[in-house]
Amino acid sequence: MVDNATQRTVAVLGAGGIGGLIGALLAKAGHRVIIVGQPDTVDAVRADGIRVRSAQFGQFRVDVEADTELRQQVDACLIAVKQPDLMTAVDRIDPDVAGAALLVPLLNGIEHPGLLRRRYRPELVVPGVIRVESTRSEPGVIVHGSSFAEIDLAGHDGVRERIAALAAVLADAGIPTSVEEDETAMLWRKLFVLAPFALMTTHYRVSIGVVRTAHREELIAVLGEIAEIMGACGIPADIGAALRFYDSFPAGAMSSMQRDAQARRPLESDAIGGALLRISAAHAVPAPLTDRLVRAVDAG
């Protein structure tokens, strides 16, 4: 457990699978955690705390604070909502209250840092990517399904020491966290692997095991399109490495977009596929397969 000198106060906007897991682990490690979310989530967390079921971290329950908006200064605010909810959710974090806190979005896609930098102090927005499979089964109850939870962070050189300190706090709480030099490359690496996985599992309504076998030729072709888009942006892509990553997944693994589609929740197709198509158009790089998948996913 941390002592008073090293304790951090961390707000978590969104207590879904990702925000709930990180918040619970930080609280378990002795940090002060404030969940910021919708009234039903706030009521559940105030009444019963956050309960976690995880093969990696075990089963545990922690008490945390919760409110419908941020009302005090914190060291950092982790933004763990999904893209369709982002601009509504950030109304709960007033820029004047956020003050000098690091704002750490853990969202899919590559366009959200720019949106947040127009609302908050640009140098304090510290984008991150997370590799984890974690879901919220009900308000305040988190099911962590993967055997890993890892984060990469990147941001302005002027706050590099603060980013490194936050990375150490997360690592001490059980989440290995690295600090990357190139924010753009970091976000693109995540999108390169995520987009085909999310779009194809959602469109075909099958797990990654079926996509990587029955639809492997199309999977390679979609990766090729995205690699061309990345190349136009000056970012290298390794198709072989992506395929090896997919091949390492449990055959039954589903994407979060696929789970959202099954639950009839709003999809991140615009943040993932739409962003790719906007960038492909800007660089005049054709992406017909990606376009077809995005249209099919949006059509349901």
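These figures come from a predicted structure and were not determined experimentally.

A. Examining the overall build of the protein chain more closely. Secondary structure assignment for the protein chain yields 13 helices and 12 strands. Relative to a compact globule of 300 residues, whose C-alpha radius of gyration would be 19 Å, the protein chain shows 19 Å and is just as compact. Its C-alpha atoms give the protein chain principal-axis dimensions of about 55 × 40 × 30 Å. Counting the 300 residues in the protein chain, one finds 52% classified as buried. Contacts in the protein chain between residues at least 24 apart in sequence constitute 70% of all its contacts with a sequence separation of at least 6. On the protein chain, roughly 13100 Å² of surface is accessible, and the fraction owed to carbon and sulfur atoms is 50%. For the protein chain, the distance from the average position of its 30 positive side-chain charges to the average position of its 37 negative side-chain charges is 4 Å.

B. Just the sheet that holds strand β8 (residues 128–131), in detail. Here three strands make up an open sheet; going across it, the order is β8-β11-β12 and the pairing mixed. In the strand order of this sheet, the two ends are held by β8 and β12 (177–179), each with one partner. Across the sheet, the axes of successive neighbouring strands diverge by a mean angle of 15°, strand direction being ignored. Sheet topology note: the strand β11 (residues 150–153)/β12 ladder contains three bridges and is parallel. By the bridge assignment for β12, Asp 152 is matched with Ser 178. In this fold helix α6 (residues 160–172) packs onto β11 and β12, with an angle of close to 165° to the strand it touches most, β12. The sheet contacts of helix α7 (residues 183–204) involve β8 and β11, and relative to β8 the element is tilted by about 35°.

C. Summary view of the layout of surface pockets. The space that makes up the second largest pocket amounts to roughly 250 Å³. Taken together, 13 residues make up the lining of the second largest pocket; nearest its centre are Thr 202, Arg 205, Ala 261, Val 297 and Gly 300. Counting only elements with at least two residues in the lining of the second largest pocket, the list comes to α7, α11 (256–262) and α13 (288–299). Ranked by the residues each element gives to the lining of the second largest pocket, the list is headed by α11, at four residues. Of the residues that constitute the lining of the second largest pocket, the class distribution is four nonpolar, five polar and four charged.

Reading the values: rules and limits
Residues numbered from 1 in each chain as written. Predicted model: local features only at pLDDT ≥ 70, side-chain atom pairs only at ≥ 80, totals over all residues. Heavy atoms only, no water. Helix = DSSP H or I, 4+ residues; strand = E, 2+ residues; numbered from the N terminus. Rg over C-alpha atoms; globule rule 2.2 N^0.38 Å. Buried < 20%, exposed > 50% of the residue type's maximum accessible area, 1.4 Å probe, protein only. Contact = heavy atoms within 4.5 Å. Areas by Shrake-Rupley, 256 points an atom, 1.4 Å probe, with all protein chains shown as cover. Lys, Arg positive; Asp, Glu negative; His and termini not counted. Charge placed at Lys NZ, Arg CZ, Asp CG, Glu CD. Pairing = 2+ DSSP bridges. Axes fitted to C-alpha atoms, helices over the stretch in contact; angles between N-to-C directions. 1 Å grid on protein atoms, 1.4 Å probe; cavity = no way out; pocket = protein on both sides within 12 Å on 5 of 7 lines; lining within 4 Å. Points joined across faces, edges and corners; volume = space filled by probe spheres on them. Nonpolar A, V, L, I, M, F, W, Y, C, P; charged D, E, K, R; others polar.

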